[in-house]
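Fold and contact review
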Amino acid sequence: MTTYECFKEKVEGRNIHPETLLATDYLNHFNEVIMLLEMVPDMPDIIEDCKEWQPKSYADHFRDSGFSDRELAIAAYDHVPERFKKPFEETVDQMNTLALLSIARTDEAFTEGRPEVAAERARAGSRALQKMIDVASAIIHGGHGTFDQAQIDDMMAP
């Protein structure tokens, strides 16, 4: 029995997908920044909380979480098949970039004294991140696909 097959058995019945060995709980890290960005139009001061958000690796997220199977999720990650791991990591990299860019662009508009532009940038960033979370979730559940740079640029266009 391969290591992958052993992990497939270990994750059965857990909140870790038995084919991909990935857990959707990781996406909570991005849901946090989406929620914060969604609040910016009504609570402009929340941009300070947004600026504290930082990317977090899959393993770091689980080390810091209360997820009941965190050790299993961390161990299984090393055995995620490349056909899932590569698009997953590409999507996570894109989400990290998009989140940081959205926060920076929103903050820049506030600094320039353009709160209505800041609000729209926060909403656009939140919507784009949600679309990317849908892609990441599909990968976690065995789907394939990512966004290319042109699609990301279109989502972020003012």
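Residues numbered from 1 in each chain as written. Predicted model: local features only at pLDDT ≥ 70, side-chain atom pairs only at ≥ 80, totals over all residues. Heavy atoms only, no water.

For helix α6 (residues 82-111), spanning 30 residues, the distance from its first C-alpha to its last is 43 Å, which sits close to the expected 44 Å at 1.5 Å a residue. G113, located one to two residues past α6, shows a positive phi value of around 75°. (Helix = DSSP H or I, 4+ residues; strand = E, 2+ residues; numbered from the N terminus. Expected span 1.5 Å × (residues − 1).)

Before going further, it helps to examine the pattern of salt bridges. Within the structure shown, the criterion is met by 11 salt bridges. Where E120 meets R123, a salt bridge forms, and the shortest distance between an N and an O atom there is 3.4 Å. Taken as a pair, E120 and R123 lie in helix α7 (residues 115-140) at a separation of 3 residues, close to a single helical turn. What makes R123 partly exposed here is its relative accessible area of 34%. The shortest N-O distance in the salt bridge between E120 and R127 comes to 3.1 Å. Residue E120 is classed as partly exposed on the basis of its relative accessible area of 35%. Residue classification places R127 among the partly exposed positions, given a relative accessible area of 47%. Each of E48, K51 and D107 takes part in a single network of salt bridges with overlapping partners. (Salt bridge = Lys/Arg side-chain N within 4 Å of Asp/Glu carboxyl O. Buried < 20%, exposed > 50% of the residue type's maximum accessible area, 1.4 Å probe, protein only.)

To continue, consider the side chain of D69. Along the chain, D69 falls in the loop between α4 (58-63) and α5 (70-77). Relative accessible area serves as the criterion here: at 12%, D69 is assigned to the buried category. In this view, D69 contacts R14, N15 and I16; residues no more than four positions away in its chain are not counted. (Contact = heavy atoms within 4.5 Å.)

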